[in-house]
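In case you want the letters, here they are:
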Amino acid sequence: MIYPKEKITIDHHNHVKYSQDFHYSEAEMIDRSASFYEHLNKRRSIRLFSDQSIPKSVITNLIRTAATSPSGAHKQPWTFCAISNPQLKSKIRIAAEAEEKISYESRMSTRWKDDLKALGTDMHKPFLETAPWLIAVFKKTYDLNDQNQKQNNYYVNESVGIACGMLITAIHNAGLVTLTHTPSPMNFLADLLNRPVNEKAFMLFPVGYAAAEVYVPDITRKSIEEVSAFYE
Ligand code: IYR
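The rules behind these values
- Residues numbered from 1 in each chain as written.
- Predicted model: local features only at pLDDT ≥ 70, side-chain atom pairs only at ≥ 80, totals over all residues.
- Heavy atoms only, no water.
- Patch = residues over 30% accessible without salt bridge, like charges linked within 9 Å, V, L, I, M, F, W, Y side chains within 5 Å.
- Areas by Shrake-Rupley, 256 points an atom, 1.4 Å probe, with all protein chains shown as cover.
- Salt bridge = Lys/Arg side-chain N within 4 Å of Asp/Glu carboxyl O.
- Helix = DSSP H or I, 4+ residues; strand = E, 2+ residues; numbered from the N terminus.
- Buried < 20%, exposed > 50% of the residue type's maximum accessible area, 1.4 Å probe, protein only.
- Near = heavy atom within 4 Å.
- Polar contact = N/O pair within 3.5 Å; in protein donor to acceptor, adjacent residues only side chain to side chain.
- Nonpolar A, V, L, I, M, F, W, Y, C, P; charged D, E, K, R; others polar.
- Core = buried A, V, L, I, M, F, W, Y, C linked by side-chain atoms within 4.5 Å.
- Contact = heavy atoms within 4.5 Å.

1. Notes on a nonpolar patch on the surface
Next up, step 1: On the surface, Tyr18, Phe22, Tyr24 and Met29 cluster together into a nonpolar patch covering about 460 Å² of accessible area.
Next up, step 2: Its place among the elements puts tyrosine 18 in the loop between α1 (5–8) and α2 (26–40).
Next up, step 3: Residue classification places tyrosine 18 among the exposed residues on the basis of a relative accessible area of 64%.

2. Regarding the site of the ligand
Next up, step 1: Near the ligand the following residues occur: Glu100, Tyr104, Met108, Trp112, Leu116, Leu119, Thr121, Asp122, Lys125, His181 and Thr182.
Next up, step 2: For the ligand, an oxygen atom lies 2.5 Å from a polar atom in the side chain of lysine 125.
Next up, step 3: For the ligand, a nitrogen atom lies 3.5 Å from a polar atom in the backbone of threonine 182.
Next up, step 4: Summarising the interface, the protein chains cover 70% of the accessible area of the ligand, which totals 380 Å² for the free molecule.
Next up, step 5: Only α4 (86–107) and α5 (110–116) provide two or more residues apiece to the shell around the ligand.
Next up, step 6: When its residues are assigned to classes, the shell around the ligand shows five nonpolar, three polar and three charged.

3. Brief notes about the nonpolar core
Next up, step 1: Ile59, Phe80, Ile135, Val137, Leu167, Phe205 and Val207 are the most contacted members of the largest nonpolar core, which has 23 residues in total.
Next up, step 2: Counting only elements with at least two residues in this core, the list comes to α3 (56–66), β1 (78–83), β2 (133–140), α7 (156–173) and β5 (199–207).
Next up, step 3: The element best represented in this core is α7, accounting for eight residues.
Next up, step 4: With residues near it in sequence (within four places) discarded, phenylalanine 205 still touches Trp133, Leu134, Ile135, Val137, Cys164, Leu167, Ile168, Thr178, Leu179 and Thr180.
Next up, step 5: Counting residues in each nonpolar core, the second largest holds 22 residues, with Phe49, Leu128, Leu134 and Ala136 among its members.

4. Thoughts on the side chain of threonine 79
Next up, step 1: With respect to the helices and strands, threonine 79 occurs in strand β1.
Next up, step 2: Side-chain polar atoms of threonine 79 contact the side chain of glutamate 199, separated by 2.9 Å.
Next up, step 3: If we ignore the near neighbours within four places in the chain, the residues touching threonine 79 are Ala136, Val137, Phe138, Lys140, Arg195 and Glu199.

Structure below.
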């Protein structure tokens, strides 16, 4: 069916022309996609950090990158809190380990703990003090308008999850390491960081260099056949 012209006309009101200022030949595209994959495939979750400092400007750039993430209705429902203050890091470690102790001792099922055996995790989280920076990501389920009324955001978990993925990628690209740490419940973070009522802790990322000698679990990734289905 051919629609009348006015039905398919896009309203360009509030739009600006997007001019992509980089173009790759097909050969370059193949090359770039392959080398980006190879670089990201070197990423590992690291649990043993060096205490070597990282410039604040790097952390700012990592957060800038994560905040380019798409989000539901472009609400950008996130706050990235960067912590290098040693006293605050200690308080976060103490609170996280207190929750993790209860989780490992009573909240997590035997099957869950069995599944984690290959990773060798436990309730001790020294990286929360050793890593020079912690980035605590908060999600905003709603925003508050000028009259203090709740304005719901959309696809908040998806939006913040994508932003966290981009943060992890940016950290790896900078030559640094991290891991996704999710002590549960994580309410202590909002308390310790004095976050407003509409912010809920989503994920915690220690950021820094790996310790001089680090061991990681001897695990492999699923093959491309296992993780994909093509319909050509
Ligand atoms: N939050 C706990 C437990 C944990 C859970 C999963 I799922 C992991 O992949 C790893 C750890 C902890 O951080 O130890």
